[in-house]
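Examination of the molecular architecture
Next come the chains, spelled out residue by residue.
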Amino acid sequence: MLLEFLGADHEVTGSCHYISFNGINILVDCGMEQGPDIYVNQEIPVNATLIDYIFVTHAHIDHSGLLPLLYNHGFRGKIYATKATCELCDIMLKDSAHIQEFEAEWKNRKAKRAGKERVIPMYTIEDAVGVMDFFVPCEYNEKIHITDGLEVRFIDAGHLLGSSSIEMWITEEDKNKYVQDLFENERFITKKIVFSGDIGSGNRPLIKNPEYITSADYVVMESTYGNRNHQISIDYAYALAKVIKDTFDKGGNVVIPAFAVGRTQELLYFLRRVKTENILPEYQDFEVYIDSPLAIEATNIFHKNVADCFNDVARNLILSGINPLKFPQLKIATTSDDSKAINFIDNPKVIISASGMCEAGRIRHHLKHNLWREESTIVFVGYQVPGTLGYSLLNGVQKVRLFGEEIDVKARILNLPGISGHADKEHLVEWISHFDEGRPKKVFIVHGQDQVTDIFADTLKREVGLDAIAPYSGDTYDLITGECVKKGQKIKAKTSEKKKEHSYSSQVFARLVAMGERLMAVIVKNEGVANKDLAKFADQIKALCDKWDR
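All chains use their own residue numbering, which begins from 1 and follows the written sequence. Only residues with pLDDT of at least 70 get local features here, since the model is predicted, and only at 80 or more are side-chain atom pairs given and counted; chain-wide, interface and lining totals rely on the full set of residues. As a convention, hydrogens and water are excluded, and side-chain values are obtained from all of the structure's heavy atoms.

**Let's talk about the overall build of the chain**
Strands are runs of DSSP state E lasting at least two residues, helices are runs of H or I lasting at least four, and both sets are numbered from the N terminus onward. On a plain count of helices and strands, the chain comes out with 16 helices and 23 strands. Taken against the 2.2 N^0.38 rule, which gives 24 Å for 550 residues, the C-alpha radius of gyration of the chain at 25 Å falls within 12% of a compact globule. For the C-alpha atoms alone, the extent of the chain along its principal axes is close to 80 × 65 × 45 Å. Here's how the labels work: a residue is buried when its accessible area is under 20% of the maximum for its type, exposed when over 50%, partly exposed in between, all with a 1.4 Å probe on protein chains only. When each of the 550 residues of the chain is scored for burial, the buried share is 52%. The globule rule used for comparison is 2.2 Å times the number of residues to the exponent 0.38, while the radius of gyration itself is calculated over C-alpha atoms.

Structure representation (structure tokens):
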């Protein structure tokens, strides 16, 4: 019964954890890294074809974004997630694939002119569509029997629509016992592991507060804000209204980079209040543009999951006939032409567009048109990973490069404090402190900046009395003994290097190798099949080898 840490270890993004027991291979999350790499991550220790089950805590790309790549490499197991997470992954993974294909196409146009080798996207729309066939939607608070020796339960984490902490019970024969017990069941041992996922901050405008869990043998816990508390809570409708008034008085635009799922819907909730409560009488008829097809689709999914995921306040609004995400002068930009037209509208306006960290998407076009304008305001409302454009803007960068053009940063750059989907230090400590019925033997701190993970682990030792440690990628623990059985390499990524672009030939060859490994896995699975069928299978492989053995 082994737990190996693969991603988001001493880093904030790219969550991925690997568990093996009784010959079964499991992943909890399989996320894409966003922003620069801090450490070199350990590869998944088994071929994608050998992964039996994946459990997804929530739909954000840094927790789900590499699932299509696993499918491309031969994964055909089952992916368990809450119903809302399954629905959000359906649109978010396709959107991610579209970005991969679009960027590859753009780079290949440049490569062709420069006589360089082609690049191929990490994965395609076809991969994103294909992997969705293996999702299994689950209900909150229902204990699910997955297979012999494995049960799970999804608990509302209050971070995003459908987000969850995952309780996992694993049963395995205790091979450390050298004396046979009199009773068969005493030879087996069960351990409970809890994966926190991303824990919400509570008191969010739409979704429920995080639920608490009270017992576990081990906890794998996020620490995004593990070294600081959020600023004192403010009324965000009034805070937004002040920013809008100050900007409109100067004739500028308010541009808000926002994650398409979660943050955009919360902004709509606050902006509806600005209008319906007449908080901004000077500009009562101001227009708000949602320029993100993904955000539009996500908002529709929010409406479908009111009963399971919305808090009492939001549900009561809907029951009284009020749509909390809709108001007059809300404009939707669906096509690229709609998006381009926004920047030719003279009237001051609010533009909400993805991505929230400004690394991709239509927001980069709106920044290009507004960063150089002293009268405009760029408002950040979410966490910015170091190394991203959003982080650079918040930290005072004077010039940025967008679409090959250098842009002076003259717009006002603001961070609206307190709007965060992550619990701060105080609430993280409160969450882990509820494990009073069965205190964890060890708490593994992940999903935080390099030093933050160590700081928060030390906090839990001092304030809660827990054995807490911040593992590195590759660190592996025996969950029966609690001992570390393998240390990761702890290799720092070279900060001077950008993420490597894979050439067309290298990626195609890597895919060929993956398919070869998949073929070997299929051969093993067919052991015991009728000899007639095995002979036919062998002849087909021989013919394929004869064709390509040059």
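We are not done yet, so read on.
**Concerning the environment of Thr481**
Looking at the secondary structure, you find Thr481 in the loop between β22 (476-478) and β23 (484-486). Remark: the alpha-carbon pair of Thr481 and Val12, spanning 469 residues in sequence, is separated by 28 Å. Within 3.5 Å is the distance limit for a polar contact, defined as a pair of N or O atoms, with the added protein rule that one can donate a hydrogen and the other accept it, and that residues adjacent in sequence qualify only through two side-chain atoms. A polar contact of 3.2 Å, which involves the side chain of Thr481, links it to the backbone nitrogen of Glu483.

**Quick look at unusual backbone geometry**
Here the bond from Ala354 into Ser355 is cis, since omega is 10°, no more than 30 degrees from zero. Along the polypeptide, Ser355 turns up in the loop between β15 (349-353) and α11 (363-370). One non-glycine residue, Ala8, adopts positive backbone phi at about 65°. For Ala8, a relative accessible area of 0% translates into the label buried. Residue Asn22 is not a glycine yet carries a positive backbone phi of 50°. Tracing the backbone through its elements, the reader meets Asn22 in the loop between β2 (16-21) and β3 (24-30).

**What to know about the side chain of Thr224**
Considering the arrangement of structural elements, one finds Thr224 in the loop between β11 (218-222) and α5 (236-249). Take Thr224: its relative accessible area is 1%, and that puts it in the buried class. Reaching out from Thr224, the side chain makes a polar contact with the side chain of His422 at a distance of 3.3 Å. Within the structure, the side chain of Thr224 is placed 2.9 Å from the side chain of His447, a separation counted as a polar contact. Note on definitions: a residue-residue contact is assigned when non-hydrogen atoms from the two residues lie within 4.5 Å. Once you skip the residues sitting within four places of it in the chain, Thr224 turns out to touch Val12, Tyr383, His422, His447, Gly448 and Val452.

**Observations regarding the packing of helix α6 (residues 263-276) against helix α7 (residues 293-304)**
Running from N to C, α6 and α7 cross one another at 75°; their axes reach a closest spacing of 9 Å. As judged from the angle between their axes, α6 and α7 are roughly perpendicular. Residues Thr264, Gln265 and Leu268 of α6 pack against Ala295, Ala298, Thr299 and Phe302 of α7. Class assignment for the residues of the contact of α6 with α7 results in four nonpolar, three polar and no charged. Interaxial angle, 0 to 180 degrees, is taken between N-to-C directions of lines fitted to C-alpha atoms, where a helix line uses only the stretch in contact. What sets the label is the angle itself: under 35 degrees gives roughly parallel, over 145 gives roughly antiparallel, 65 to 115 gives roughly perpendicular, and the rest give oblique. Asp, Glu, Lys and Arg are counted as charged, while Ala, Val, Leu, Ile, Met, Phe, Trp, Tyr, Cys and Pro are counted as nonpolar; the rest, among them Gly, fall into the polar class.

**Focus on α5**
Multiplying 1.5 Å by the residue count of a helix minus one yields the expected span of that helix. Here α5 is 14 residues long and its end C-alpha atoms lie 20 Å apart, about the 20 Å a rise of 1.5 Å per residue gives. Listing the buried residues of α5 in full gives Tyr236, Ala237, Ala239, Leu240, Ala241, Val243, Ile244, Thr247 and Phe248. The N-terminus of α5 is capped by Asp235, whose side-chain oxygen sits 3.1 Å from the backbone nitrogen of Ala237. Of the residues one or two after α5, Gly251 is the one with positive phi, at around 85°.

**Looking at the environment of Lys442**
On the secondary structure map, Lys442 appears in strand β20 (residues 442-446). Excluding residues that lie within four positions of it along the chain, Lys442 makes contacts with Asp217, Tyr218, Val219, Asp467, Ile469, Tyr477 and Gly482. A distance of 2.9 Å separates polar atoms of two side chains, one belonging to Lys442 and the other to Asp467.

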